[in-house]
Amino acid sequence: MSQSVSLFVVDDIRSVVEMIATKIPWPEHGIHIAGTATDGEEGLQRILETKPDLILTDIRMPRMDGLEMTRRIVEALPASKVMILSAYTDFDYAQKAIQYGALDYVKKPFSIDQIVQAVLKAKEIWEQENRSRNELLGLQKKMKESMPALRQEYLSLLVHHQTNEAELARLSDFLDIHALMPPFVVMTIQVDQFTDKYAEVPLKELELVRFSLQNIVEETIAAHTTSVVFRESYNRYICILREGSGEEAMAVADACCENIARHTKFTISIGLGACVDTVRELPKSYQQSLHALSYHFYTGGNGAFSYIREAAEHPVEWIYTEDSENEFLFAFRSGNRDSCVAWAESIFAEIAKVSVLPDPGSVERLLEGLVLRMLRVLTEKFLRASLAVFEAKQQEIREHAADLQAYQAWFIGLCEIGCAMIHQERVSESQRIIHRSAEYIKANLGSELTLEHCAKQVNLSWGYYSNLFKKVTGTTFQQFVTQARIDRAKTMLIEDYQVQEIAQQLGYEHRRYFSEVFKKQTGLTPTEFKEMSLGKTGK
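The rules we used
Residues numbered from 1 in each chain as written. Predicted model: local features only at pLDDT ≥ 70, side-chain atom pairs only at ≥ 80, totals over all residues. Heavy atoms only, no water. Helix = DSSP H or I, 4+ residues; strand = E, 2+ residues; numbered from the N terminus. Buried < 20%, exposed > 50% of the residue type's maximum accessible area, 1.4 Å probe, protein only. Axes fitted to C-alpha atoms, helices over the stretch in contact; angles between N-to-C directions. Parallel < 35°, antiparallel > 145°, perpendicular 65-115°, else oblique. Left-handed = near helix turned anticlockwise from the far one by under 90°. Contact = heavy atoms within 4.5 Å. Nonpolar A, V, L, I, M, F, W, Y, C, P; charged D, E, K, R; others polar. Pairing = 2+ DSSP bridges. Salt bridge = Lys/Arg side-chain N within 4 Å of Asp/Glu carboxyl O.

Enquirer: Lay out the environment of E439 in plain terms, naming residues and giving numbers.
Expert: When you line up the elements, E439 lands in helix α16 (residues 404–443). Under the relative-accessibility criterion, E439 is labelled exposed at 53%. Taking C-alpha positions, E439 is 90 Å from L139, a pair spaced 300 residues apart along the chain.

Okay, here's the thing in structure tokens:
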């Protein structure tokens, strides 16, 4: 619904005021009477109180004429539209009122239609201007609401893309970034384990936490130097500091770490870039700050690192040699869990001892490359579907910001998973070999079953075969063969085979020797066993 427009009527003739105010059905035209007055002084006072949209006033009135009243109304209420009631003889006054800002005039004597037409014309103009004002106010409101985002976006562009001082100066007033004064240092702040601590927290609470963290950082920096601080991501802030001395930025960073740890349940990691003299160099300082921030890989957080060119260029090949890697992969291929873990622990201990820490990204790539070689070993032995647990563990390190300690636990975990798979596969294969050998023995009990002969059947050395046979079956090879022959003999005795016939079929040259072995194993002679078995069968 359109807004009702207010009209105020001023004339020193009361009947004219009443006629205009009461005889015309203003509500039908979307207009309501805000008030009336019969002299200029009273009219001005009440108009300033009620602030009507439209004013219809006579030009000649006692105490204050319409001309002066118009001038003062236009000064106080520039959006209101003033219409003058003027006699023909007062035409010069009417023109003067228009110069002061009145919209139009109506000559006396006038008809009601003339009044209505003049007021409706003024109403239309007021409504058009009001729409324009509202649109402008809406745009200004949106601009104000979007200003933090615009400011943050521009500051982000400053550290990601080269710009110049002229561009910065042009936008300083608009974006309120006067604090950006050279020389500069970019400081990147990252909240430690922020995702783990606030993964399930509602967005409103999360935003409050982030605001609190930024506020602490800004207040801490303000005690040392000027800066601008803005968010880069959900857990990362960028600060562009004005650097006064070589040590000031590190002092600021240490103070930020200390205050965040004292006033919140969080800790932060900070990376400092090198000092630069121009806005154009900000991206370089920013990239250096990210590189410095990456060195929290070694500490786990809660501290500041400054960019050091020597450390950034330090090689990482020394961490382990090719021969050492081959030694590890041989142990892994063999499923030797203890050797693999010992190798890993020695490598990580060596990394922690060095005086100049190698680039964290290079260490991560080196370790992840070694894990890929471990995966290749497993793909040679297993179907891809069998590697799901190993591959899930492999991806785990990429889901969180990990430090050296987390990488060590992750790498050793992969060693344990892979070695367990290989060991289980070897055990299973060993069991299959011995089970096949046992079936061969049972099928050839009448043959000469020597240890060397059976080992040769499965392509193993007799020593390894002997140990493996005992490990899988729980008995020695010879005991197994003897027991298998006795078990077959028992069956044959019950089936009424003769003792001599049984001895020959089971590879015994002499009946007596077979009987001695049988009695030693069962406590009964073959005949006694047969009679006892047949007697039980007869019950």
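That shown, we press on.
Enquirer: I'd love a proper account of the packing of helix α12 (residues 322–333) against helix α13 (residues 337–353), names of residues and values included.
Expert: Their axes nearest at 8 Å, the elements α12 and α13 cross at an angle of 150°. If you check the angle between α12 and α13, you find them roughly antiparallel. Viewed along their axes, α12 and α13 form a crossing whose handedness is left-handed. Here S324, E325, F328, A331 and F332 of α12 come into contact with α13, specifically with S339, C340 and W343. Here the residues of the contact of α12 with α13 sort into 5 nonpolar, 2 polar and 1 charged.

Enquirer: Please set out the sheet that holds strand β10 (residues 303–306) residue by residue, giving values where relevant.
Expert: In a beta sheet, neighbouring strands pair by backbone hydrogen bonds and run either parallel or antiparallel. Pairing within the open sheet is mixed, and its 5 strands lie in the order β7-β8-β6-β9-β10. Unpaired on one side and paired on the other, β7 (227–233) and β10 mark the two borders of the sheet. On average, each strand axis in the sheet is inclined to that of its neighbour by 20°, with strand direction left out of account. Bridging between strand β9 (residues 268–272) and β10 involves 4 bridges; their strand directions are parallel. Opposite G271, over in β10, you have F305 as the bridge partner. Strands in contact with helix α8 (residues 203–222) are β6 (184–191), β7 and β8 (236–242); relative to β7, the strand with the most contacts, it is inclined by about 150°. The strands that helix α9 (residues 248–263) touches are β6, β8, β9 and β10; relative to β9, the one it contacts most, it runs at about 170°.

Enquirer: Any details on the pattern of salt bridges? Residues and values, ideally.
Expert: Counted by the stated rule, this structure contains 22 salt bridges. The residue R63 makes a salt bridge to E41 at a minimum N-O spacing of 2.8 Å. Of the two residues, R63 is situated in the loop between β3 (54–58) and α3 (66–76) and E41 in helix α2 (residues 40–50); the sequence distance between them amounts to 22 residues. The class of R63 is exposed, set by a relative accessible area of 63%. For E41, a relative accessible area of 38% corresponds to the partly exposed category. E325 is the salt-bridge partner of R373, the closest N and O atoms lying 2.9 Å from each other. Taken together, the residues R373 in helix α14 (residues 360–381) and E325 in helix α12 connect sequence positions 48 residues apart. Take E325: its relative accessible area is 12%, and that puts it in the buried class. When salt bridges with common partners are traced through the structure, they connect D11, D58 and K108 into a single cluster.

Such coordinate-based values are descriptive only and should not be taken to indicate function.
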